[in-house]
Amino acid sequence: MPQFKAFRAQVAAGVLTVTLDDPPLNLIGPTFAEDLIALIQEAEASPAYRVVVFESAVANFFSAHVDLTRVPQLLEVIQQFLPGEFLGMLYRRLSTAPVVTIAKVAGRVRGAGNEFILACDMCFASHERAVFGQMEAGLGLLPGAGGVQHLTRLVGRQRAMEVVLSGDDYGAELAAQYGWINRAIADATLDTFVGDLARRIAKFPASGLRAIKTSIANISLPDEHAIRADGAKFLELMNTEEAKSRRAARDERYREDARAEWEMNYGRIIGEL
Amino acid sequence: MPQFKAFRAQVAAGVLTVTLDDPPLNLIGPTFAEDLIALIQEAEASPAYRVVVFESAVANFFSAHVDLTRVPQLLEVIQQFLPGEFLGMLYRRLSTAPVVTIAKVAGRVRGAGNEFILACDMCFASHERAVFGQMEAGLGLLPGAGGVQHLTRLVGRQRAMEVVLSGDDYGAELAAQYGWINRAIADATLDTFVGDLARRIAKFPASGLRAIKTSIANISLPDEHAIRADGAKFLELMNTEEAKSRRAARDERYREDARAEWEMNYGRIIGEL
Amino acid sequence: MPQFKAFRAQVAAGVLTVTLDDPPLNLIGPTFAEDLIALIQEAEASPAYRVVVFESAVANFFSAHVDLTRVPQLLEVIQQFLPGEFLGMLYRRLSTAPVVTIAKVAGRVRGAGNEFILACDMCFASHERAVFGQMEAGLGLLPGAGGVQHLTRLVGRQRAMEVVLSGDDYGAELAAQYGWINRAIADATLDTFVGDLARRIAKFPASGLRAIKTSIANISLPDEHAIRADGAKFLELMNTEEAKSRRAARDERYREDARAEWEMNYGRIIGEL
């Protein structure tokens, strides 16, 4: 097993459980990317597991969003592994890895965090506690790491427009109705449900699992050129005056003492700026 | 603001509210097309709004259907703006306009009226009062202005087959379950919900909104050639003996005194012919 | 009407009702294929009906799965009709036949049986009695006759991954939530609902129905090359040691006295091997 920094990992019954443990927000930054790359490299070699379950040890958050203060460092880590590529193509590499990946979400997951769970093969979420959002529109950006691509395919044009243009928070129930996630599951049974499913799949022959994943992925994964185009557009929009002005307004309100409040209610607050 | 005939329009807080006000049925005919073209042209220039909300001032109807008595005049208006094209390509031009469009539906919307709301970026509907239908099959036709294309992408092959082949009416709840519309919302809160959403989006930077809309549209809008093919097929089917016979049967039953009854219950009655 | 062996057929009001009657399991084998080919050939000629409803006369089962003991004979029948092709391409030929097809499911339908109903234009299912499954993963296989292709398009990448990788049973309610089928309908009203819908459509002009079906199918049916690739992969996986070992484990448990129990609860039991 690689030495992880932001992850904790444990194998049992053919299932690798990866616990995101980088408090307070499990931000998508260079440390996360290093760990994800190490995980992908191991999964592409000969892993002792067939299924990976991603969960979070951080209260209230699966992953809040990208670390906007460390985008250059994040890109540097990614481009050592995938020269010239952005985060969306790293996620896509996870989507084609020869293991089955399941996201188990019991807190907030937004922005690049949500794009990470969309790159997983499945997502099950706590009915009571999971919250999903792509809030980039509120900052003058677009989701640049595959979120637009996945959501449009999963929920259709009209609901993708709503979700991404509003930048608002969506509870697990509505996310499931829209097809954004597999299912909303009562919090008390989520761990058992996902554990049973993961162990069940891990008992099945690896060659069949790989054939199924490949066949489904071949017709449903976003095109690489579209992911790249969204990534380039994200970086371009980061430098517009409109986006800088929105970030300045956010920074003014997002002082240290209001940070917890903001991150808990990002969807609402970004709409109030 | 252009001088509209079938529309009333009002701008506030970056939101243009367009009220369809051409009683008794808000038919899709030459007047509607003239207004829609004027609106698209303004939206493509430099509008004072980022979001357009379409609603209806006509009791019970958002838009009943195309005006079958004035198809040549409708085509003439469209082809002055888009030489050689049919209604579906006019709608597609709306779908790519650099403003966010939301249909708010609290009455019946069928045929080319439904194809109009499918061309909008989103659709929210009154749980109690909205009714959706593509009844062309009952007249020996197919939806010729993008309805087949949009519905198949939104609701999948099997439900699109059901909805279009049956030509029946669908309430807002079932339409939302199928993914035909974004959501069915309690009538008492529909105006507030859509107003809040529209004003929220209108506060966000225009460059980000345009990038999001373009990225989603690029992978989810129908192909132009398929829209054109459906339009040509519609006109071809209009001249078949079967379609003429169905229209004659409809005309016999659809006398002036039965017209309101028919339009209120089109889905049921077309199945009784 | 052709002389069927596994089917019973009856025409009324423009609707052909085809009853699968090959107890105890309505297996997909050479007899089923012969009947389906005869039906397709008649539908492609000049049928006296516009709509075909498929139902089952066998208690508890619409169709259990392919007859794994007779795969060579099944392929021989198919390839006399479609040289070089597998079951998925026979099903695809049904999907493009110039009649409207509706599956009415009130029992278990799994594996190649489920792929058959996915090839139909619509599927309505008994809320209380219908059960759906693609259990191939549990045998080290993938669904080789279009199931992966249809499900991914209907339910999206993440739910298709869940359904196919788990190989588990899904009730009608969840199948409808996922978009796998049109609707789950109370058992007491299923026959009336499907009968009314079929007769309604059968009254509409054939040229319009064919145009609608063709337009929808053109943008939603799986690509032929993908169906062929899945079929070839299925046959390849059949010969892996992993798949042989799973079949041996199944055969050990699947003794004659346990067969009914197994077939009733395939999804659960395949996960216990």
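See above for the structure.
Being a predicted model, the structure only gives us computed values, none of them experimental.

Which residues make up the overall build of chain A, and what are the values?
For chain A, the count of helices and strands is 12 helices and 10 strands. By its C-alpha atoms, chain A is 55 × 40 × 35 Å across when sized along the principal axes. Taking all 273 residues of chain A together, 57% fall into the buried category. Expressed as a percentage of contacts within chain A between residues at least 6 apart in sequence, the contacts between residues at least 24 apart total 77%.

Give me the interface of chain C and chain A: which residues, what numbers.
Contact with chain C, which involves 28 residues of that partner, is made by 23 residues of chain A. Within the residue set of the side of chain C that touches chain A, elements represented by two or more residues are helix H5 (147-155), helix H6 (157-166), helix H10 (224-238) and helix H11 (241-253) of chain C. Counting residues per element, the side of chain C that touches chain A draws most heavily on H6(C), at nine residues. Here the residues of the side of chain C that touches chain A are counted per class, giving 11 nonpolar, nine polar and eight charged.

How would you summarise the interface of chain B and chain C if you had to cite specific residues and measurements?
On the side of chain C, 23 residues touch chain B, which itself brings 27 residues to the contact. If you list the elements that add at least two residues to the side of chain B that touches chain C, you get helix H5 (147-166), helix H9 (224-238) and helix H10 (241-253) of chain B. The biggest single contributor to the side of chain B that touches chain C is H5(B), with 13 residues. Residue composition of the side of chain B that touches chain C, by class: 11 nonpolar, nine polar and seven charged.

Explain the relation of the copies chain B and chain C to me, and be specific about the residues and the numbers.
Aligned on chain C, chain B shows an RMSD of 0.0 Å; the corresponding rotation is 120 degrees and the shift along the axis is 0.0 Å. One copy is carried onto the other by what is essentially a three-fold rotation axis. If distances are taken from each C-alpha of chain B to the rotation axis, the shortest is found for B:Gln177, at 4.4 Å.

Pulling in residues and values, what's your account of the packing of helix H8 (residues 206-220) of chain A against H10(C)?
Direction vectors running N to C along H8(A) and H10(C) enclose 175 degrees, while the axes themselves pass 11 Å from each other. Judged by the inter-axis angle, H8(A) sits roughly antiparallel to H10(C). Residues A:Ser207, A:Gly208, A:Ala211, A:Ser215 and A:Ile219 of H8(A) form the contact with H10(C), whose own contacting residues are C:Ala226, C:Asp230, C:Lys233 and C:Leu237. When its residues are assigned to classes, the contact of H8(A) with H10(C) shows four nonpolar, three polar and two charged.

Pulling in residues and values, what's your account of the sheet that holds strand E2 (residues 15-20) of chain B?
Backbone-to-backbone hydrogen bonds join strands into a sheet, with any given pair of strands oriented parallel or antiparallel. All names here are of chain B. Within the open sheet, the six strands sit side by side as E1-E2-E3-E5-E7-E10. Their pairing is mixed. Looking along the sheet, the strands with just one partner apiece sit at the ends: strand E1 (7-12) and strand E10 (183-185). Here the average twist between neighbouring strands, direction ignored, is 20 degrees. Pairing of strand E7 (residues 122-126) with E10, which is carried by three bridges, proceeds in the parallel orientation.

Which residues make up the pairing of strand E5 (residues 100-105) of chain B, and what values go with them?
All names here are of chain B. With six of its six residues buried, E5 lies for the most part within the structure. Going residue by residue along E5, you find Val-100, Ile-102 and Lys-104 tucked away on one face and Thr-101, Ala-103 and Val-105 tucked away on the opposite face as well. Direction of pairing for strand E3 (residues 51-56) relative to E5: parallel, over a ladder of four bridges. Across the sheet, the residue bridging to Val-53 is Ile-102, located in E5. Two elements, E5 and E7, share four bridges in a ladder whose sense is parallel. Bridging from a neighbouring strand, Lys-104 pairs with Phe-124 of E7.

Account for the sheet that holds strand E4 (residues 61-63) of chain C, with residues named and values stated.
All names here are of chain C. Pairing is mixed across the open sheet formed by four strands, whose spatial order is E4-E6-E8-E9. Each end of this open sheet is capped by a strand with a single partner; those strands are E4 and strand E9 (169-171). Within this sheet the neighbouring strands show an average axis-to-axis angle of 25 degrees, counted without direction. One ladder, built from two bridges, connects E4 with strand E6 (residues 108-110); its direction is parallel. Residue pairing in the sheet places Ser-63 in a bridge with Val-109 of E6. Those strands touched by helix H4 (residues 112-119) are E4, E6 and strand E8 (131-133), and its axis lies near 90 degrees from that of E6.

Summarise unusual backbone geometry; cite the residues concerned and give the values.
Look at the link from A:Pro23 to A:Pro24: it is a cis peptide, with omega at 5 degrees. Note on placement: A:Pro24 falls in the loop between strand E2 (15-20) and helix H1 (30-44). Within the chain, B:Ala13 stands out as a residue other than glycine whose phi angle is a positive 55 degrees. Tracing the sequence through the fold places B:Ala13 in the loop between E1 and E2. The phi torsion at B:Asn60 lies on the positive side, around 75 degrees, for a residue other than glycine.

Describe the nonpolar core, and please don't skip the residues or the numbers.
Judged by nonpolar contacts, the single largest core of 267 residues is most densely connected at A:Val51, B:Val51 and C:Val51. The contacts of C:Val51, once residues within four sequence positions are left out, are C:Gly14, C:Val15, C:Val99, C:Val100, C:Ile102, C:Ala198, C:Ile201 and C:Ala202.

How would you summarise the pairing of strand E1 (residues 7-12) of chain A if you had to cite specific residues and measurements?
Residues and elements named next belong to chain A. As paired strands, E1 and E2 are joined by six bridges and run antiparallel to one another. Bridge pairing in E2 links Ala-9 to Val-18. Counted between consecutive antiparallel strands, the loop separating E1 from E2 contains two residues, among which Ala-13 sits at a positive phi close to 55 degrees.

Give a description of the packing of helix H3 (residues 87-95) of chain B against H9(B) that names residues and reports values.
Relative orientation of the contacting elements H3(B) and H9(B) amounts to 145 degrees, with a least axis distance of 8 Å. Each of B:Leu87, B:Gly88, B:Met89 and B:Arg92 in H3(B) lies in contact with H9(B), whose residues at this interface are B:Glu224, B:Ile227, B:Arg228, B:Asp230 and B:Gly231.

Break down H5(B) for me, citing the residues and quoting the values.
Residue and element names in this part refer to chain B. Its 20 residues give H5 an end-to-end C-alpha distance of only 14 Å, which falls more than 12% under 28 Å, the value for a rise of 1.5 Å per residue. Where H5 bends most, the angle comes to about 125 degrees, and this point is Gly-156. Looking one or two residues past H5, Gly-167 carries a phi angle of roughly 60 degrees, positive in sign.

What counts and how
Residues numbered from 1 in each chain as written. Chains lettered and ligands numbered in written order. Predicted model: local features only at pLDDT ≥ 70, side-chain atom pairs only at ≥ 80, totals over all residues. Helix = DSSP H or I, 4+ residues; strand = E, 2+ residues; numbered from the N terminus. Buried ≥ 20, exposed ≤ 12 C-beta atoms within 10 Å, placed from the backbone. Contact = placed C-beta atoms within 7 Å. Nonpolar A, V, L, I, M, F, W, Y, C, P; charged D, E, K, R; others polar. Least-squares fit on C-alpha atoms with pLDDT ≥ 70 in both. Axes fitted to C-alpha atoms, helices over the stretch in contact; angles between N-to-C directions. Parallel < 35°, antiparallel > 145°, perpendicular 65-115°, else oblique. Pairing = 2+ DSSP bridges. Core = buried A, V, L, I, M, F, W, Y, C linked by C-beta atoms within 7 Å. Expected span 1.5 Å × (residues − 1). Bend = angle between axes of the 7 residues up to and from the residue.

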